[in-house]
Amino acid sequence: MKALHRIGLLLALAGGSANATDFTYGDWAVACDNTRRCEAVGYQRDGEEPAALYLRREAGPGQPVQLTLMLDTGRGNVPDQVTLTVGQVAVRDVVPEQDIDEEQAAGLIAALLKGERAEIEAGSRRWSVSLNGASAALLKMDDLQGRVGTPGALVRKGTKKEASVLPALPVPLLRAMPPARARPGDTRLLAAISKSIAKRECGGLSGDEDEDEDEDEREKERSLSRLSGNKVLLLIECGHGSYQSSSEAWIANDKPPFAAEPAILPLAGKPNDNSVVNAYFDKGELSSYDKWRATNECGSSMKWLWTGKGFALLSWETAAQCRGFPEGIALRKWIAERASK
């Protein structure tokens, strides 16, 4: 049926759009955001109990690397302390989900480039993190931060001055326009605007339904929120699966002619699109969270802020690999700050 095809198409587009600017190497992934802050994560091999090494490094000369061990037993009884061994380097009393001492972290990271696995043990229990792809991921971090050939590089150290490292870029400051309150006639307004765009919504597929579609497939979820005194946001469901739904965002006038147009939802380096997944609008922020699996162990999340002139990207994170961690381990691809007033 066309409706089932539409669901698959829209969800695939929404999911794929958020995965183009991060990088995956074997069992490792890396991403850098708009401030040049970089993150990398390496996981266990497929089929093993979830374990990961999570690295973060701010941009600019002389910045240390933060290293954290992540564990998930699936039973909620993660040990308080473990021993982490990479090659000949062993660090005892490592606390999962807390930063490892900077000096110890530096020794472990250097060993990552030479070994095949990082071993974790607590009594009789064992985990491991694959190092397949670790060198390539850390080299990509160095490259994107301009560290290759400097003393502070993780992979290819050299004699270039540390001052040559690319500086951090400023975090964009966004000023929100406070949304207007709902009005008594907004339910009728939603119906009127929806009627005006019936042949344009959901990729133009709405006006050509198959006669054998289920009734509930034709009953799309719709919502209207006020953006200002004369502008409204419509979220129109275009398809749904067993664990998520895809919608389109539209902006319209609150009086005829409604002049409804697809909302422009920018993503850094991506074509503008008005597709959102599991969408939610509150306090001027439009959220989209795309689960790539029903188990919610990987996916992408974006938030946009209504500024009065349009939607501006507020945050963008992706957990690119599905390795058994609840909600995944998200790497940051974009960050902006919401002004306090």
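Residues numbered from 1 in each chain as written. Predicted model: local features only at pLDDT ≥ 70, side-chain atom pairs only at ≥ 80, totals over all residues. Heavy atoms only, no water.

Attention now moves to the sheet that holds strand 19 (residues 311-319). With respect to topology, five strands assemble into an open sheet ordered 16-17-18-19-20, the strand pairing being antiparallel. The sheet is open, and its two borders are formed by strand 16 (280-282) and strand 20 (331-335), each paired with just one other strand. Along the sheet, successive strands turn relative to each other by an average axial angle of 15°, direction set aside. (Pairing = 2+ DSSP bridges. Helix = DSSP H or I, 4+ residues; strand = E, 2+ residues; numbered from the N terminus. Axes fitted to C-alpha atoms, helices over the stretch in contact; angles between N-to-C directions.)

Take the pairing of strand 11 (residues 222-226) next. In the case of a regular strand, side chains alternate between the two sheet surfaces. Pairing of strand 11 with strand 12 (residues 231-240) involves five bridges; the strand directions are antiparallel. Opposite Ser 225, over in strand 12, you have Leu 233 as the bridge partner. Between the end of strand 11 and the start of strand 12, which pair antiparallel, lie four residues.

Turning to its location among the elements, Arg 156 is positioned in the loop between helix 3 (134-144) and strand 10 (173-174). Each residue touching Arg 156, except ones within four places of it in the same chain, is listed here: Leu 139, Asp 142, Val 148, Gly 149 and Thr 150. (Contact = heavy atoms within 4.5 Å.)

This paragraph deals with the environment of Pro 256. Among the secondary structure elements, Pro 256 is positioned in the loop between strand 13 (245-253) and strand 14 (261-262). A residue is classified by how much of its surface remains accessible, and Pro 256, at 65% relative accessible area, is exposed. Distance in space between the C-alpha atoms of Pro 256 and Leu 189 is 9.9 Å, their sequence separation being 67 residues. (Buried < 20%, exposed > 50% of the residue type's maximum accessible area, 1.4 Å probe, protein only.)

What follows is about the layout of surface pockets. Quantified by volume, the largest pocket comes out at close to 270 Å³. Around the largest pocket sit 16 residues that line it, and Arg 57, Val 65, Ala 106, Leu 154 and Lys 157 are the ones nearest its centre. The biggest single contributor to the lining of the largest pocket is helix 2 (residues 102-112), with five residues. Along the lines of polarity and charge, the residues of the lining of the largest pocket split into ten nonpolar, three polar and three charged. (1 Å grid on protein atoms, 1.4 Å probe; cavity = no way out; pocket = protein on both sides within 12 Å on 5 of 7 lines; lining within 4 Å. Points joined across faces, edges and corners; volume = space filled by probe spheres on them. Nonpolar A, V, L, I, M, F, W, Y, C, P; charged D, E, K, R; others polar.)

It is worth spelling out unusual backbone geometry at this point. Omega for the peptide link from Pro 256 to Pro 257 comes to -10°, which places this bond in the cis form. By the element assignment, Pro 257 lies in the loop between strand 13 and strand 14. Not every positive phi belongs to a glycine, and Asn 278 is a case in point at roughly 50°. You can see Asn 278 is positioned in the loop between strand 15 (275-277) and strand 16. Using a relative accessible area of 25% as the deciding quantity, one classes Asn 278 as partly exposed. Backbone geometry places Lys 283, a non-glycine residue, at a positive phi of 55°. Along the chain, the position of Lys 283 falls in the loop between strand 16 and strand 17 (285-291). Lys 283 gets classed as exposed once you look at its relative accessible area, which sits at 63%.

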